[in-house]
Amino acid sequence: MRKMRYLVIGKNGQLGKEFLRKLSEKVNVEVIAVGREECDISNLEQVLSLFSTTKPDVAINCAAYNFVDKAEEDYVTAIKVNSLGIRNLAFASKKYKSFLVHYSTDYVFDGMKRNGLYTEEDTPNPLNEYGKSKLLGEKLLKEETDNFLLFRVSWVYGDGKQNFIYKLLTWAKDREYLMISNNEVSVPTSTKTIVEMTLKALDADLKGLYHLTNSGYASRYEWAKKVLQVKGIRKVIYPVSSEVFNLPAKRPEFSAMSNSKLAKTLDVEIPWWEYELERFLKTER
Ligand SMILES: NC(=O)C1=CN([C@@H]2O[C@H](COP(=O)(O)OP(=O)(O)OC[C@H]3O[C@@H](n4cnc5c(N)ncnc54)[C@H](OP(=O)(O)O)[C@@H]3O)[C@@H](O)[C@H]2O)C=CC1
Ligand SMILES: Cc1cn([C@H]2C[C@H](O)[C@@H](COP(=O)(O)OP(=O)(O)O[C@H]3O[C@@H](C)C(=O)[C@@H](O)[C@H]3O)O2)c(=O)[nH]c1=O
């Protein structure tokens, strides 16, 4: 029997690394992984050549331009990667009959919802260039193929530097005290949960759009307090409004998404963010 062939695109990012770790535990699968050096997703020729030589059953796209503040100026790169890059992957997936898994973000929402968590039915309205480029990526994906799983994830952390926990721990080393925003609320979500739920969704032959987060929600201040507590770091930490940082990109105030659709469809309990965070911090490599 031919082995199931997975293609992981963006192997050097935090999510890409977690997929490689998890897939290496699986038997009877073949895993091909590429980084930006091997395939720049904004380049259609490179993408087509990758798919024609590998012909994956499932392509998992972990590549993205994630620099939220930088994207305000460098929106051309953000669109090339997060929007046109996804169209390239979707086009190639359709041509070579692969199933495509892709990830979007809570930053497609404006954070103004006041009656509950964001569901898949809510209308996106991104506040910043990064969010706009990711939303356009979603649209182009759906235009090119219907053979996809699209997960919106939020506040992702794992083995890497492009996440809030890494930044917080660096600030805690360098600064006398910390100021952390208490008017931004979403769901810290681990790469481990994302990978486990994605693989379950693939096993269950799900298709379409799902919000994939850990359960519950928190402000950045609550998240930071929990990180320092678990790590045993004693540091003065003040809750402040994000406005004091005067960052280039506007961020949504409340972008927490509900994972109910996914949890109910798969009939699973998705770990609470505090539980998952503690597990991550205690087993960090
Ligand atoms: N991090 C977060 O907080 C969140 C992430 N997401 C989404 O989750 C997914 C995974 O993110 P995450 O693992 O955190 O991302 P990372 O930033 O850790 O990794 C992204 C990877 O994409 C690669 N990349 C960038 N541009 C290109 C390109 N043109 N062609 C090929 N590869 C490229 C980068 O390569 P290089 O190393 O060379 O730069 C990097 O290895 C992404 O879709 C992201 O938008 C959604 C919500 C929150
Ligand atoms: C400098 C500083 C920032 N902050 C806050 C303000 C700001 O909103 C936030 C910036 O942290 P980050 O750079 O990790 O945040 P950001 O890059 O906006 O994180 C986002 O990344 C993209 C990719 C996503 O898709 C989102 O889900 C989300 O994870 O931290 C503090 O609380 N204290 C500080 O001292």
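Residues numbered from 1 in each chain as written. Chains lettered and ligands numbered in written order. Predicted model: local features only at pLDDT ≥ 70, side-chain atom pairs only at ≥ 80, totals over all residues.

Per an unreviewed UniProt entry, the protein chain goes by the name dTDP-4-dehydrorhamnose reductase and belongs to Phorcysia thermohydrogeniphila. On record in UniProt, under Function (unreviewed entry), the comment for the protein chain is "Catalyzes the reduction of dTDP-6-deoxy-L-lyxo-4-hexulose to yield dTDP-L-rhamnose." What UniProt records for the protein chain under Catalytic activity (unreviewed entry) is the sentence "dTDP-beta-L-rhamnose + NADP(+) = dTDP-4-dehydro-beta-L-rhamnose + NADPH + H(+)". (UniProt positions renumbered as here; feature names shortened; annotations may be inferred.)

> Would you explain the packing of helix H3 (residues 75–95) against helix H4 (residues 129–144) in this entry?
Helix-helix packing: each pair is described by the crossing angle between the helix axes and the interaxial distance. H4 packs onto H3 with a crossing angle of 15° between their chain directions and a minimal axis gap of 8 Å. On the basis of their axis angle, the class for H3 and H4 is roughly parallel. Helix-helix and strand crossings are classified by hand; for H3 and H4 the assignment is right-handed. Facing Tyr75, Ala78, Ile79, Asn82, Ser83, Ile86, Arg87, Ala90, Phe91 and Lys94 of H3, the residues of H4 in contact are Glu129, Tyr130, Ser133, Lys134, Leu136, Gly137, Leu140, Leu141 and Glu144. Each residue belonging to the contact of H3 with H4 can be placed in one class, and the counts come to 10 nonpolar, 4 polar and 5 charged. (Axes fitted to C-alpha atoms, helices over the stretch in contact; angles between N-to-C directions. Helix = DSSP H or I, 4+ residues; strand = E, 2+ residues; numbered from the N terminus. Parallel < 35°, antiparallel > 145°, perpendicular 65-115°, else oblique. Left-handed = near helix turned anticlockwise from the far one by under 90°. Contact = placed C-beta atoms within 7 Å. Nonpolar A, V, L, I, M, F, W, Y, C, P; charged D, E, K, R; others polar.)

> Could you clarify how one ought to interpret the site of ligand 1 in this entry?
Close contacts around ligand 1 come from 25 residues, with Gly13, Leu15, Ala63, Ala64 and Val156 the closest. Put simply, the parts of the chain that give the shell around ligand 1 at least two residues each are helix H1 (14–23), H3 and strand S4 (99–105). A per-class count over the shell around ligand 1 returns 11 nonpolar, 12 polar and 2 charged. (Near = placed C-beta within 6 Å.)

> I keep staring at the UniProt feature "domain: RmlD-like substrate binding" (unreviewed entry) in the protein chain and nothing clicks. Help me out?
Within the UniProt annotation, "domain: RmlD-like substrate binding" (unreviewed entry) is assigned to residues 4–283. Helix makes up 40% of residues 4–283 and strand 18%, and the two end C-alpha atoms of the span are 30 Å apart.

> How should I be thinking about the environment of glycine 13 in this particular structure?
Assignment of secondary structure puts glycine 13 in the loop between strand S1 (4–9) and H1. For the pair glycine 13 and glycine 35, spaced 22 residues apart in sequence, the C-alpha separation works out to 8.5 Å. Residue contacts for glycine 13: discarding those within four places in its chain leaves Cys62, Ala63 and Gly160.

> Sorry if this is basic, but what is going on with the site of ligand 2 here?
Lining the immediate environment of ligand 2, one finds 20 residues, of which Asn66, Val68, Thr105, Phe164 and Ile180 sit closest. Of all elements in the fold, only helix H5 (164–174) and strand S7 (178–181) reach the threshold of two or more residues within the shell around ligand 2. Class assignment for the residues of the shell around ligand 2 results in 10 nonpolar, 5 polar and 5 charged.

> Would you explain the packing of H1 against helix H6 (residues 191–203) in this entry?
The interhelical angle for the contact between H1 and H6, taken along N-to-C directions, is 55°, at an axis separation of 9 Å. One finds that H1 runs oblique with respect to H6. Classified by chirality, the crossing of H6 by H1 is right-handed. On H6, the residues touching Gln14, Leu15, Glu18, Phe19 and Lys22 of H1 are Thr191, Lys192, Ile194, Val195 and Leu199.

> What's the story with the sheet that holds strand S3 (residues 58–61) in this structure? I'm lost.
Remark on secondary structure: sheet strands pair via backbone hydrogen bonds, oriented parallel or antiparallel. The parallel open sheet is built from 6 strands, whose spatial order is S2-S1-S3-S4-S5-S10. Edge positions in the sheet fall to strand S2 (29–34) and strand S10 (208–211), since each has one partner strand and no second. Looking at each pair of strands side by side, their axes are set apart by 20° on average, direction ignored. Across 4 bridges, the pairing between strand S5 (residues 148–153) and S10 is parallel. Bridging from a neighbouring strand, phenylalanine 151 pairs with tyrosine 210 of S10. Against the sheet, H3 engages S3, S4 and S5, with an angle of about 160° to S4. (Pairing = 2+ DSSP bridges.)

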